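Close look at the chain arrangement
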Amino acid sequence: MVDRFGVKPGRLWIGGAWTDVDERFDQIHPATNEIVTSIADAGTGAVDLAVAAARKAFDTGPWPRMGAKERKKILVRLQARIEDAKEELGYLQTLDNGIPINFSLNSRVSANMTVDIFDHYAGWIDKITGETFPRYTDAANLHYMTFRDPVGVVGAIIPWNAPLVMFALKVAPALATGCTIVMKASELANLAVLRLAEIVAECDLPPGVFNLVTGGPATGEALSTHPGVDKVSFTGSAAVGERIMAKAGSNMKRLSLELGGKSAVIVFPDTRDLKVAATSIMSLSSTFLSGQVCSTPTRALVHRSVVDEFVAHAQQQISAVKFGDPFDMTTTSAPIISRRQTDRVMSYIETGSAEGARLVFGGDRPGNELADGNWINPTLFTDVRSDMRIAQDEIFGPVLSVIPFDTEEEAITIANDSVYGLSGGVYTTDLSRAFRVGRAMHTGTVGINGYSLMPNSPAGGVKRSGIGREGGWATIEAFTELKTLILNLDA
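I will try to describe carefully the structure that is included in this document. These figures come from a predicted structure and were not determined experimentally.

**Quick look at a nonpolar patch on the surface**
Together, Phe133, Tyr144 and Ile486 line one region of the surface with nonpolar side chains, adding up to about 280 Å² of accessible area. Position of Ile486 relative to the elements: it lies in strand β22 (residues 480-488). Accessibility expressed as a relative area gives 51% for Ile486, which makes it exposed.

**Details of the sheet that holds strand β6 (residues 142-150)**
Strands sit in the order β5-β6-β22 across an open sheet of three strands; the sheet is antiparallel. Only two strands of the sheet have a single neighbouring strand rather than two, namely β5 (132-133) and β22. In terms of strand pairing, β6 meets β22 through nine bridges, oriented antiparallel. If you follow Thr146 over to β22, its bridge partner there is Thr484.

**What to know about the nonpolar core**
Residues Phe167, Met183 and Phe210 are the most contacted members of the largest nonpolar core, which totals 64 residues. With ten residues, helix α6 (residues 163-176) is the largest single contributor of residues to this core. Judged by nonpolar contacts, the second largest core, of 28 residues, contains Val51, Ile157, Val229 and Leu255.

**Quick word on the environment of Gly241**
Tracing the backbone through its elements, the reader meets Gly241 in helix α9 (residues 238-247). Using a relative accessible area of 1% as the deciding quantity, one classes Gly241 as buried. Remark: the alpha-carbon pair of Gly241 and Arg148, spanning 93 residues in sequence, is separated by 27 Å. Sequence-distant contacts of Gly241, that is, excluding residues within four places in its chain, are made with Phe234, Leu257 and Leu259.

**Structural notes on the packing of aromatic side chains**
Summed over the entire model, instances satisfying the criterion amount to eight aromatic pairs. On the numbers, 4.9 Å between centres and 35 degrees between planes, the contact of Tyr91 with Phe327 is tilted. Here Tyr91, found in helix α3 (residues 86-97), pairs with Phe327, found in the loop between α11 (307-318) and α12 (339-354); they are 236 residues apart in sequence, far enough to count as distant. Tyr91 gets classed as buried once you look at its relative accessible area, which sits at 10%. A ring pair is formed by Phe103 and Phe288, whose centres lie 5.3 Å apart and whose planes are at 55 degrees; its orientation type is tilted. Of the two residues, Phe103 is situated in helix α4 (residues 101-106) and Phe288 in the loop between α10 (274-287) and β13 (297-303); the sequence distance between them amounts to 185 residues. Taken as a pair, Phe103 and Phe288 share a single burial class, namely buried. If you follow Lys231 out to its NZ or CZ, it ends over the ring of Phe479, 5.1 Å from the centre. Over the aromatic face of Phe268 sits the side chain of Arg433, whose NZ or CZ is 4.2 Å from the ring centroid.

The rules behind these values
- Residues numbered from 1 in each chain as written.
- Predicted model: local features only at pLDDT ≥ 70, side-chain atom pairs only at ≥ 80, totals over all residues.
- Heavy atoms only, no water.
- Patch = residues over 30% accessible without salt bridge, like charges linked within 9 Å, V, L, I, M, F, W, Y side chains within 5 Å.
- Areas by Shrake-Rupley, 256 points an atom, 1.4 Å probe, with all protein chains shown as cover.
- Salt bridge = Lys/Arg side-chain N within 4 Å of Asp/Glu carboxyl O.
- Helix = DSSP H or I, 4+ residues; strand = E, 2+ residues; numbered from the N terminus.
- Buried < 20%, exposed > 50% of the residue type's maximum accessible area, 1.4 Å probe, protein only.
- Pairing = 2+ DSSP bridges.
- Core = buried A, V, L, I, M, F, W, Y, C linked by side-chain atoms within 4.5 Å.
- Contact = heavy atoms within 4.5 Å.
- Phe/Tyr/Trp six-rings, centres within 6.5 Å; stacked < 30°, edge-to-face > 60°.
- Lys NZ or Arg CZ within 6 Å of the ring centre and 35° of its normal.

So far we have only geometry, and geometry alone does not tell us how the molecule works.
So this is what it looks like as structure tokens:
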């Protein structure tokens, strides 16, 4: 299937050329657990070469010194090439992680969104400005001004669940600000990113500006700790993020870490349409990519007076879920990414029942023609307490915990009773309450009556969900250094 689009998975893109390596690992299609192809395992040696190429391109190459007009032309050209390749990119992403092809082509993790992200950051290139400051003393010819310089060599590590969008969210702002970049794709999903690297290679970037390495944890460790990397932009697990942060001090790396989540959505009884709220929450938590998204709502805090109605609506939504061939446009939910993760999710379901939560539906795996894949039926627990593991741990699977509450204050306390703080939500028609509760929730993002982040809005978390923000102007800040220039014209 890979050969349909001519992807060459056994190569790395380093210093403006394709590089072959002997070491390989298998990439598995999660819907069937079939081996799709073998992927190059870069190891530390290839990472050294890639960082050296990026370092040279930044320190002595033309890219950071290029005029905004010319750099913008290249990003616009890259955007157009991605637009032309949307169908094949969507196909490869589905082959990577099993996300239904309809989502790979038409959702917020689609090739369309990838194009939008490049369009957004191409537009920033000639608008990255500094400031001048009013005279502070009587020295009339003493002037203060700021500039935003590119941060340097960026090490970008992306997860498997949305490789197209994650590629764009790292590469587009890095290129827009004049940085050079070494990217590592997840070892579980490489094909779409490899095709994107081929597209980048066609767009006349100077050698070493963009580099791609593939491999497992050792490759990621080598990249994130490399002394030649000035900034690490990482999206992934909290455990890995903590290791990156602990080792960043050797050369004071700048960090953007978007890590795990255990997002709570608070549903008040005055919600305009409880069915819409329940359907949306259930869809995001259990059907869209089977809950394998860090910002997905996994705790539904529902006012006790409407819990039964909420659960009934959520169960109705599950009747519309269709498992099956991810390349069938009518399939609506994805498999779990690996057998190991499937076993982990099932163990949490067993733990939830053992702790006393009531399993309302799901909790099992479909059989028959789906038995060979990593499928788990959408699962909902109710009568969940905040101290249960299913309410505290990031499961990363199709499991929604419904936690009843009685008062607004109790709901806020439960929502904040987590080591994570990535996203949250509030459903209510009371605008004052929405604002009050949204402000009280200790998370990076709060959606009122639904939410969906766009390229121009900042995202990131607090507590164990990470540090820093990326999106819109926040990304420009994250990929640049603020320099102050003091000019004395009397000297």
